[in-house]
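This is what each chain is made of:
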Amino acid sequence: MGTHGGGLYVGRRAAAAGAALLLALLVALLALAALYGRCRQEEAPPPPSSRAPGPAAPPAPAPAARSGRRLPRHLLPLHYDLELWPRVRPGQAGPFAFTGQVNITVRCLQDTDTAVLHSAGLRSSGAVAVRGPLSEPGAAVEVAGLRQEEAAEVAVLELRGRLRAGRRYVLQLGFQGRLEEDLDGLFLTRYTDRGRSSMLIASQMEPTYARRVYPCFDEPAMKATFNIRIVHDPSYVSLSNMPAIDVSEVKDENGSLWTVTTFNTSLKMSTYLTAFVICDFDYVTRTERGNEIRIWARKEAIKNGYVDYALNITGPIFSFLEDVLNVSYPLPKTDLVALPDFGAGGMENWGLMIFQEASLMNLPSGEFTSRKAMIALVVSHELGHQWFGNLVTMNWWNDLWLNEGLASYFEYLGATFVEPKLSLDKIFYVHVVQPVLREDSEIVRSLSQSEDKIKGSFSLMSLFDNITYSKGASITWMLSGFLTEKLFTRALTSYLKEFSFSNANQDDLWTHIQMVIDGQDEVQLPASVKQIMDSWTCQNGFPVLTLNLTTGTIRQEQFFNKKNRKNTDSYNNTWIIPVSWMRNGSSQPLTWLDKSSKMFPEMQVSESEYDWILLNVNLSGYYRVNYDQLNLKRLAHLLETDPKAIPAVSRFQLIDDVFALTDFGYVPIETALELTKYLAKEDELFIWNVVLLNLIPDNLESTLKNYEVYPLLKKYLLKRMLPIYHYYAGFIHQNVDALEDDYFAQVYLEKLFATACWLGLQDCLDLSSELYAKWMDNPEHKIPFLIRKTVCCYGVAVGSDKEWNFAWKMYNHTDSVEEDEDILLYAMSCANEPWLLYRYLQYGLSDTLFSSNCTSAIISHVMTKDIGHRIAWEFVTENWPLLNQGYGQELLHDVLKVMGRFVKTDVQIQENRQHKRILLPN
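Residues numbered from 1 in each chain as written. Predicted model: local features only at pLDDT ≥ 70, side-chain atom pairs only at ≥ 80, totals over all residues. Heavy atoms only, no water.

Engineer: Describe the overall build of the protein, and please don't skip the residues or the numbers.
Structural biologist: Across its full length, the protein holds 27 helices and 32 strands. Long-range pairs, those at least 24 residues apart, make up 73% of the contacts in the protein between residues at least 6 apart in sequence. Accessible surface for the protein amounts to roughly 36,200 Å². Of this, 49% is attributable to carbon and sulfur atoms. (Helix = DSSP H or I, 4+ residues; strand = E, 2+ residues; numbered from the N terminus. Contact = heavy atoms within 4.5 Å. Areas by Shrake-Rupley, 256 points an atom, 1.4 Å probe, with all protein chains shown as cover.)

Engineer: Describe the pattern of salt bridges, and please don't skip the residues or the numbers.
Structural biologist: Counting across every chain of the model gives 43 salt bridges. Residues glutamate 451 and arginine 70 are paired through a salt bridge, measuring 3.3 Å at the closest nitrogen-oxygen approach. Of the two residues, glutamate 451 is situated in the loop between helix H6 (424–440) and strand S24 (456–459) and arginine 70 in the loop between strand S1 (66–68) and strand S2 (75–86); the sequence distance between them amounts to 381 residues. Of the residues examined, glutamate 451 reaches a relative accessible area of 36% and is grouped as partly exposed. Close ionic contact of glutamate 770 with lysine 774 constitutes a salt bridge, the shortest N to O distance being 3.4 Å. Of the two residues, glutamate 770 and lysine 774 are both situated in helix H18 (residues 762–777); the distance of four residues between them amounts to about one turn of the helix. Residue glutamate 770 is classed as partly exposed on the basis of its relative accessible area of 33%. Judged by relative accessible area, lysine 774 falls into the partly exposed class, the value being 38%. Sharing partners across several salt bridges, the network here consists of Arg438, Arg624, Asp656, Asp657 and Asp663. (Salt bridge = Lys/Arg side-chain N within 4 Å of Asp/Glu carboxyl O. Buried < 20%, exposed > 50% of the residue type's maximum accessible area, 1.4 Å probe, protein only.)

Engineer: I'd like to hear about helix H19 (residues 788–797), residue by residue, with values.
Structural biologist: Taking burial as the measure, the ten residues of H19 include nine buried ones, the bulk of the element. Of all the positions in H19, only Arg788, Thr790, Val791, Cys792, Cys793, Tyr794, Gly795, Val796 and Ala797 are classed as buried. Packed against the buried residues of H19 are helix H17 (743–758), H18, helix H20 (801–811) and helix H21 (818–827).

Engineer: Please give an account of the nonpolar core that cites residues and values.
Structural biologist: One finds Tyr214 and Phe753 to be the most contacted residues of the largest nonpolar core, which totals 302 residues. The biggest single contributor to this core is H17, with eleven residues. Contacts of tyrosine 214, omitting those with residues within four sequence positions, involve Tyr80, Leu82, His118, Leu122, Phe175, Met205, Phe226, Thr271, Thr274 and Phe276. (Core = buried A, V, L, I, M, F, W, Y, C linked by side-chain atoms within 4.5 Å.)

Engineer: Requested: an account of the state of the cysteines, with residues and values cited.
Structural biologist: One pass over the structure, following the stated rule, counts two disulfides. Between the sulfur atoms of cysteine 757 and its disulfide partner cysteine 764 the distance amounts to 2.0 Å. Taking the torsion about the S-S bond as the criterion, the cysteine 757 to cysteine 764 disulfide, at about -90 degrees, is left-handed. In this model cysteine 793 forms its disulfide with cysteine 830; the gap between the sulfur atoms is 2.1 Å. Judged by the sign of its S-S torsion, about -105 degrees, the cystine formed by cysteine 793 and cysteine 830 is left-handed. One end of the pair, cysteine 793, is in helix H19; the other, cysteine 830, is in the loop between H21 and helix H22 (834–844), with 37 residues separating them in the sequence. (Disulfide = S-S within 2.5 Å.)

Engineer: Lay out helix H4 (residues 370–384) with the relevant residues and their values.
Structural biologist: Compared with an ideal rise of 1.5 Å per residue, which puts 15 residues at 21 Å, H4 spans 21 Å between its outermost C-alpha atoms and is within 8% of the ideal. Buried residues dominate H4, accounting for 14 of its 15 residues. (Expected span 1.5 Å × (residues − 1).)

Engineer: Could you give an account of the sheet that holds strand S27 (residues 553–558), with specific residues and numbers?
Structural biologist: Pairing within the open sheet is mixed, and its four strands lie in the order S30-S27-S26-S32. Two strands lie at the open edges of the sheet, namely strand S30 (597–599) and strand S32 (624–627), each paired on one side alone. Going from strand to strand, the sheet's axes swing by 20 degrees on average, the running direction of each strand aside. (Pairing = 2+ DSSP bridges. Axes fitted to C-alpha atoms, helices over the stretch in contact; angles between N-to-C directions.)

Engineer: Requested: an account of the pairing of strand S9 (residues 154–163), with residues and values cited.
Structural biologist: Relative to S9, strand S4 (residues 112–118) is paired through six bridges, and the arrangement is antiparallel. Pairing of leucine 117 across the sheet is with alanine 155, part of S9.

Engineer: I'd love a proper account of the packing of helix H14 (residues 685–695) against helix H16 (residues 710–734), names of residues and values included.
Structural biologist: Packing of H14 against H16 brings their axes to within 13 Å, and their N-to-C directions diverge by 145 degrees. Crossing angle aside, the handedness with which H14 passes H16 is left-handed. Across the interface between the two elements, Leu685, Trp688, Leu692 and Leu695 from H14 touch Leu717, Arg720, Met721, Ile724 and Tyr728 from H16. In terms of residue class, the contact of H14 with H16 is made up of eight nonpolar, no polar and one charged. (Left-handed = near helix turned anticlockwise from the far one by under 90°. Nonpolar A, V, L, I, M, F, W, Y, C, P; charged D, E, K, R; others polar.)

Engineer: Mind laying out the packing of H6 against helix H12 (residues 648–663), listing which residues take part and the relevant values?
Structural biologist: Two elements in contact, H6 and H12, have axes whose closest approach is 11 Å; the angle formed by their N-to-C orientations is 10 degrees. In terms of axis orientation, H6 runs roughly parallel to H12. Viewed along their axes, H6 and H12 form a crossing whose handedness is right-handed. On H12, the residues that touch Asp425, Lys426, Tyr429, Val430, Gln434 and Arg438 of H6 are Ala648, Val649, Phe652, Gln653, Asp656, Phe659, Ala660 and Asp663. Residue composition of the contact of H6 with H12, grouped by class: seven nonpolar, two polar and five charged. (Parallel < 35°, antiparallel > 145°, perpendicular 65-115°, else oblique.)

Encoded structure:
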């Protein structure tokens, strides 16, 4: 949603940014026109794609999640005896609360007369006591008082005596707290199962929410074992990290009966991994190497087989990781729970992993789908955490990438193991490396930071971003590449065995890799592992390498936006860079760039146009490459004559790099366009996707047709798109099931067809009309899902009110699934008749026809269409009192955000500001 604030979307800065982007595109297309003139005799072209689902994406930032005050090191927790009692009965109205008791066995490391531990939002209940020293039966230390420091999220036990170093004590605290529906700590969530309203209770402790559930030493390095007991309504089942070992009964103060589930003693683990679920779900189960795996979900989902796929892949991924890492999974059971509402895609709690339903559920079928790929990635990520995060945990949050980066790396290895149809290097580059390279050039933070920076009121949730996940995985990929996978996994095994049930920092990982390197002579490094890797983890950003073919010189500098550079900016970082390279199609030995500039005589080329160099082959390193004009010209010629001479991932990288270099002012747009001339011979959808996302950005698609260069863009792209379009259109006509195993067709074919239709390709428009008409004639005749959104949109667009009314009818069909509803909600905004769009907007005001979420979506969809933005804007201004009453100011901010794309002049800027002043006078 849009952010509140004055003129955020229509201010001069935003308008100027949009204008600059459009100006750059204008320049590009003028250059494109010149290119087109030179390429008149070329054959035809290829297509676009939409952004693939972002597997195992980082969780969205939660409200507070502050690190709070670091605890003094006087006490070390050894063991928790924890009882939780959520006071919830089925069908009961709120508010809800929970009570509990925790007895924490601690070892005193330094004499102290206070015991400080974390506690947030909890109230003390009952007496607070300190027993011990435990070596003296019956001994106790009197508690003078309990002080809650809410700002620091700690509870301080003030003692009349002293705790003595080397002795063990037990801290006893009763507590109570509110059971909210906010998806953090211990929370309650409501859902519907088989038409009946139900409730469940679950937990999310990472990073610092355990302290909201029970008083504890809530830091990752303060590991302990846990005995957990949960009191709950008898109609529910209770789950925790370990298997249940006893079920009994207890009566409350009113004589009502409750069930008590007691769990086995846990392994030594961090507080953020403790987990609880209380629900009336069903489960499916299988056993893998003695590990009982159960997947829990709503009864209806279990009955319909929605989690069967997740169950079938979980065991094999476990076994794969055990075999690769040579470290056994130490728990006897693993529960995976699919929650209807959960704040993250998944959470790796040891023995009790929790997921959003969408991350685990799939319609049962033998077909390989992009949804199955997403499930495999999410499950594999959380299973990777069983070793990286659970067994070995980072010392402190500044090295969070040791958890998330390594789990993200193994996420792709595990998923491609169970789904060999996925190409590991292609999906890793498309989903991980390329997106984070785009992001990392704009973010000012390093992968690993000093502990001092992560303290006080620092929001820990800001660390759960793509830098931690994807840059961490990309650096790991590079590390594995130059070490060799064999040596890398050998080092990881050593690291995991050394720090099992304990904690580590990144230097510990470097040490174990160095030990492996020192014990062999196959791989030689130019510096120590720590020197090499600290240059990647402790510095902001990443390098761009510039190769001069004439001299054979490679120069490195930090990749930054030269267009926005200030005189005060400093970009003096230097990396120790592994350079994989290829000459004339032959792979060359790995070399290293360990200074700002270095000459490589072997990279000097002859005058032959067939003598070319390619650096960073298959994106083995985390950097971009800028070639001199001589090499770029030779690579462009090679692409036109024999594109397969360059590996597919390297073709993708070459195009992605050159457009990024253009955006940041390193090379002119003509250079990027030279490398797209060959596209009529490009048959890889994932490569076409990056081309189209650069030439037709999603946020400019609705405005590009307003510019006189649009016909040039249309002519240039359609010429090159036709071969790949016709190739895939053949499958749509004859045998769409043959694309079942083509992952990139499943995630990018929609973008290809949407772009072809948007550019006015008659065959695409005709195909959409034909398939839509067949669906109208027989609603049982399904439009191929790979292009359903495009077909529905253009079926409505080229039709009349008859086609629109059919979409409306199917949207209101009782059997329509949510995914189809979203497609139809969008398709109805594609109408080319203004009166249909206006009627649609009017429908959107009806509480009986749409929810408030749909109303906002309808306005946004209409506003992004060629003829819709002015209609939608007038509709909003005319109906603002009603819209403001029903949906609030956020709706207007969303509308203004979209309208900002159409701002081209000072007059329009002033007009939008005037509208905002009128509609939002305060």
